[in-house]
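# Coordinate inspection notes
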Amino acid sequence: MPLFQLILVALIQGITEFLPVSSSGHLILLPSLTGMEDQGQVIDVAVHVGTLGAVVLYFWPDVKEGLAGLPRALTGRMDTPGARLAMGLIVATIPIVITGAALHFTGLSDALRSIAVIGWTMLVFGIVLYWADQTGPEVKEAADWGLRDALIMGLWQAISLIPGTSRSGITITGARQLGYTREDGARIAMLMSIPTIIASGVLLGAEVAVTANAQAARDGAIAACFAFVSALLALTLMMRLLRSVSFTPYVIYRVILGIILLAIAYS
């Protein structure tokens, strides 16, 4: 893959992974609208590893607490914040793992990779995010996150397997609908991305491991590094802006892009 395209893919993935605008949708659109060669699964895995590193680093205190509580959670002892966080993340990940495996092994995931689908999901779920953000009360904090809310947000997250929906966007939508503050809702949504990215990385990684070579490893390392840096910057900026800005700017972007894509798809 040309170096320019490699860096472009990594930057698009890194910038859009944690913003509520759909990284998968943008990556599908890149070859569809520009004629560039599809980046392939090796690069997909690499950029996901890069973004995983960014979110783990940014939320390291929470990640560390969850890892410390994981053994207690697995043995049913929900007596520490770390154990409750770990169990919440496990519960929230189950719906997307089941749905993702079903779509992958039935081949339905490929059928959803179209400009029309992405246009509709950009538009519709952008409006849904705006509705949830404007009407949802801000009465809950991250410490209030329990198994019921984890399951509900996990079900919202499963919808993100439709390209253009945005994993972060739809989980933030669920969090706002449940009454979490913008900042804490986004924080929970970002933490939920960690086991989800790991699960998708394992699934894709197992498939590409048998075909990997030195060239692919080099390209993957470059892509992972650029995705890591861009994701960390985008995540830092979004979390800071949420202290004073709503999700409306992202909604406006989604609606405009959705309308453009639908015009292209149906022209």
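Overview of the structure. Given the structure is predicted, the values throughout are model-derived calculations rather than measurements.

On a plain count of helices and strands, the chain comes out with twelve helices and zero strands. Radius of gyration (C-alpha) of the chain: 18 Å, near the 18 Å computed for a compact globule of 267 residues. For the chain, the spread of C-alpha atoms along the three principal axes comes to 50 × 40 × 35 Å. Relative to its full complement of 267 residues, the chain shows a buried share of 51%. A separation threshold of at least 6 residues defines the contact pool for the chain, and within that pool the share at least 24 residues apart is 80%. Put simply, the chain has 15 plus and 17 minus side-chain charges, and the middle of one group is 6 Å from the middle of the other.

Together, Leu33, Ile252, Ile256, Ile260 and Ile264 make up a nonpolar patch on the protein surface, roughly 440 Å² of accessible area in all. In terms of residues, the nonpolar patch owes the most to one element, helix α12 (residues 248–265), which gives four residues. Summarising the element assignment, Leu33 is placed in helix α2 (residues 23–34).

Right, let's talk about the packing of helix α3 (residues 40–58) against helix α4 (residues 60–74) for a bit. Axis separation between α3 and α4 bottoms out at 5 Å; the angle between their running directions is 90°. What the angle tells us is that α3 and α4 run roughly perpendicular. In this structure, α3 uses Val56, Leu57 and Tyr58 to contact α4, whose residues at the interface are Trp60, Pro61 and Val63. Per-class residue counts for the contact of α3 with α4 are six nonpolar, no polar and no charged.

What follows covers the packing of aromatic side chains. Scanning the model with the defined rule gives two aromatic pairs in all. Between Phe247 and Tyr250, the aromatic rings sit 6.4 Å apart at their centres with planes inclined by 45°, giving tilted as the arrangement.

Turning to α12, a few remarks are in order. Here α12 spans 25 Å end to end across 18 residues, near enough to the 26 Å set by a 1.5 Å rise per residue. Those residues of α12 lying buried are Tyr250, Val251, Arg254, Leu257, Gly258, Leu261 and Leu262. Taken end-on, α12 shows its buried residues confined to a sector of 135°, consistent with a single buried face. Lining the buried residues of α12 we find α2, α7 (115–135) and α11 (214–241).

A few words now on the packing of α3 against α11. The geometry of α3 relative to α11 is characterised by a closest axis approach of 7 Å and an angle of 40° between their N-to-C directions. Of the two elements, α3 crosses α11, and the hand of that crossing is right-handed. The residues of α11 that touch α3, namely those facing Val42, Ile43, Ala46, Val47, Gly50, Thr51, Gly53, Ala54, Val55, Leu57 and Tyr58, are Ala216, Asp219, Gly220, Ala223, Ala224, Ala227, Phe228, Ala231, Leu232, Leu235, Thr236 and Met239. Among the residues making up the contact of α3 with α11, the classes are represented as 17 nonpolar, five polar and one charged.

What counts as what
Residues numbered from 1 in each chain as written. Predicted model: local features only at pLDDT ≥ 70, side-chain atom pairs only at ≥ 80, totals over all residues. Heavy atoms only, no water. Helix = DSSP H or I, 4+ residues; strand = E, 2+ residues; numbered from the N terminus. Rg over C-alpha atoms; globule rule 2.2 N^0.38 Å. Buried < 20%, exposed > 50% of the residue type's maximum accessible area, 1.4 Å probe, protein only. Contact = heavy atoms within 4.5 Å. Lys, Arg positive; Asp, Glu negative; His and termini not counted. Charge placed at Lys NZ, Arg CZ, Asp CG, Glu CD. Patch = residues over 30% accessible without salt bridge, like charges linked within 9 Å, V, L, I, M, F, W, Y side chains within 5 Å. Areas by Shrake-Rupley, 256 points an atom, 1.4 Å probe, with all protein chains shown as cover. Salt bridge = Lys/Arg side-chain N within 4 Å of Asp/Glu carboxyl O. Axes fitted to C-alpha atoms, helices over the stretch in contact; angles between N-to-C directions. Parallel < 35°, antiparallel > 145°, perpendicular 65-115°, else oblique. Nonpolar A, V, L, I, M, F, W, Y, C, P; charged D, E, K, R; others polar. Phe/Tyr/Trp six-rings, centres within 6.5 Å; stacked < 30°, edge-to-face > 60°. Expected span 1.5 Å × (residues − 1). Arc of directions from axis to C-beta. Left-handed = near helix turned anticlockwise from the far one by under 90°.

By themselves these figures say nothing about function.
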